[in-house]
Amino acid sequence: MKEVPAPATLMPLFVTEVYRTDLADSPAEPLLTRLEAASMRLAQTDTAGRNWSRRQGYLGYTSYESIVDLRTEDPAFSELIDMLDVQVTLYARLIELDLRGKTPRMATMWINLLEQGGAHSAHIHTHSAFSGTLYLTVPNGSGALQFEDPRLGFMMCAPQRLPSALPFRQTFVPVPPARGTLLLWESWLRHEVATNQSPHSRLSISFNYTL
């Protein structure tokens, strides 16, 4: 009689976890509205930021190199940081990081207004522990945030994944946002912003946290 092998199991190892919460139609909705208005105002009045974006070939506007502290521009950004402090701390707790008594601290925060045809190639956020984006205006077709398997450079002769493979087995995972979506990830995780194919601009606020 042929011996039946014992059932095998798969062990998920080295899991990469991205934090998502959706704040639209929540108590944070009034804050989203004020952040949207403040960001659009700065996109029109921040001449230095508009000029820098144009020189860099960025299709739209970013305050990345022009406004050091958005809290000086509108109190809504101070309220946002208070909320993000809680969310980032919760994220660190959920993924069981040992912060050794340190508290995550906002390092940088900037506005992104991405026009049709705009994108952001794959990158990481150096010298940071946590990064994230809060989406304020997300027209249909304005693009997803795509994450890359951090093991990609070591896969050598590995076969490609089936298109039907589960998301945690894919090499690239797009995460389509909506208004009010907040995404957090560890800053070493490589990611890119897909091309905005909508005729309307997508508005978001990105940030980095250190310890």
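Definitions and limits used
Residues numbered from 1 in each chain as written. Predicted model: local features only at pLDDT ≥ 70, side-chain atom pairs only at ≥ 80, totals over all residues. Heavy atoms only, no water. Helix = DSSP H or I, 4+ residues; strand = E, 2+ residues; numbered from the N terminus. Buried < 20%, exposed > 50% of the residue type's maximum accessible area, 1.4 Å probe, protein only. Contact = heavy atoms within 4.5 Å. Areas by Shrake-Rupley, 256 points an atom, 1.4 Å probe, with all protein chains shown as cover. Phe/Tyr/Trp six-rings, centres within 6.5 Å; stacked < 30°, edge-to-face > 60°. Pairing = 2+ DSSP bridges. Axes fitted to C-alpha atoms, helices over the stretch in contact; angles between N-to-C directions. Salt bridge = Lys/Arg side-chain N within 4 Å of Asp/Glu carboxyl O. Polar contact = N/O pair within 3.5 Å; in protein donor to acceptor, adjacent residues only side chain to side chain. 1 Å grid on protein atoms, 1.4 Å probe; cavity = no way out; pocket = protein on both sides within 12 Å on 5 of 7 lines; lining within 4 Å. Points joined across faces, edges and corners; volume = space filled by probe spheres on them.

Draft legend 1. Molecular detail of the overall build of the protein chain. Check the secondary structure of the protein chain and you find 3 helices and 10 strands. Going residue by residue from the N terminus, the α and β elements of the protein chain occur as β-α-α-β-α-β-β-β-β-β-β-β-β. With the C-alpha coordinates of the protein chain rotated into their principal frame, the extents come out at 80 × 40 × 35 Å. A buried classification covers 40% of the 211 residues belonging to the protein chain. Long-range contacts, defined here as pairs at least 24 residues apart, represent 85% of the contacts in the protein chain between residues at least 6 apart. Entry remark: accessible area of the protein chain is about 12800 Å², with carbon and sulfur atoms responsible for 56%.

Draft legend 2. Structural view of the packing of aromatic side chains. Tallied over the entire structure, the rule returns 6 aromatic pairs. Taken together, a centroid distance of 6.4 Å and an interplanar angle of 40° make the contact between W52 and Y64 tilted. Of this pair, W52 sits in helix α2 (residues 47-55) while Y64 sits in the loop between β2 (60-62) and α3 (75-94), placing them 12 residues apart in sequence. A residue is classified by how much of its surface remains accessible, and W52, at 22% relative accessible area, is partly exposed. With centroids separated by 5.2 Å and ring planes inclined at 70°, the aromatic side chains of F147 and W185 adopt a geometry described as edge-to-face. Of this pair, F147 sits in strand β6 (residues 145-148) while W185 sits in strand β8 (residues 181-186); the two residues are 38 residues apart in sequence, bridging distant segments of the chain.

Draft legend 3. Structural detail: the sheet that holds strand β5 (residues 130-137). With respect to topology, 6 strands assemble into an open sheet ordered β1-β8-β5-β10-β3-β2, the strand pairing being antiparallel. Of all the strands in the sheet, just β1 (19-22) and β2 have a single pairing partner and so form its edges. Strand-to-strand twist across the sheet, computed as the mean angle between neighbouring axes with direction ignored, equals 15°. In this sheet, β8 lies alongside β5 in antiparallel orientation, the contact comprising 5 bridges. Of the residues in β8, the one forming a bridge with L134 is L182.

Draft legend 4. Expanded view of the pattern of salt bridges. In total, this model carries 8 salt bridges according to the counting rule given. For R179, the salt bridge is made with E36, and the minimal N-O distance between the two is 3.1 Å. Of this pair, R179 sits in the loop between β7 (172-175) and β8 while E36 sits in helix α1 (residues 29-45), and the two are 143 residues apart along the sequence. Its relative accessible area of 23% is what places E36 among the partly exposed residues. A salt bridge links R71 to D69; its shortest N-O distance comes to 3.0 Å. For R71, a relative accessible area of 44% gives the class partly exposed. Here the salt bridges do not stand alone but share partners, grouping E29, E36 and R179 into one network.

Draft legend 5. Seen up close, the side chain of T62. Within the secondary structure, T62 sits in strand β2. Judged by its relative accessible area of 3%, T62 is buried. Among the polar contacts listed, one links the side chain of T62 to the backbone nitrogen of Y64, at a separation of 3.1 Å. Side-chain polar atoms of T62 contact the side chain of N112, separated by 3.4 Å.

Draft legend 6. Region of the structure containing the layout of surface pockets. Looking at the largest pocket, its volume works out to about 750 Å³. Taken together, 23 residues make up the lining of the largest pocket; nearest its centre are V15, T16, P167, F168 and R169. Secondary-structure elements contributing two or more residues to the lining of the largest pocket are β6 and β7. For the second largest pocket, the calculated volume is near 580 Å³. If you trace the second largest pocket, you find 29 residues lining it, with W110, N112, H120, H123 and H125 closest to the centre.

Draft legend 7. A look at the pairing of β8. With 6 of 6 residues buried, β8 is to be regarded as a mostly interior element. Burial of the side chains of β8 extends over both faces: T181, L183 and W185 are buried on one face and L182, L184 and E186 on the other. In the sheet, β1 pairs with β8 via 4 bridges, with the strands oriented antiparallel. Each residue of the ladder has a partner; that of T21, found in β8, is L182.

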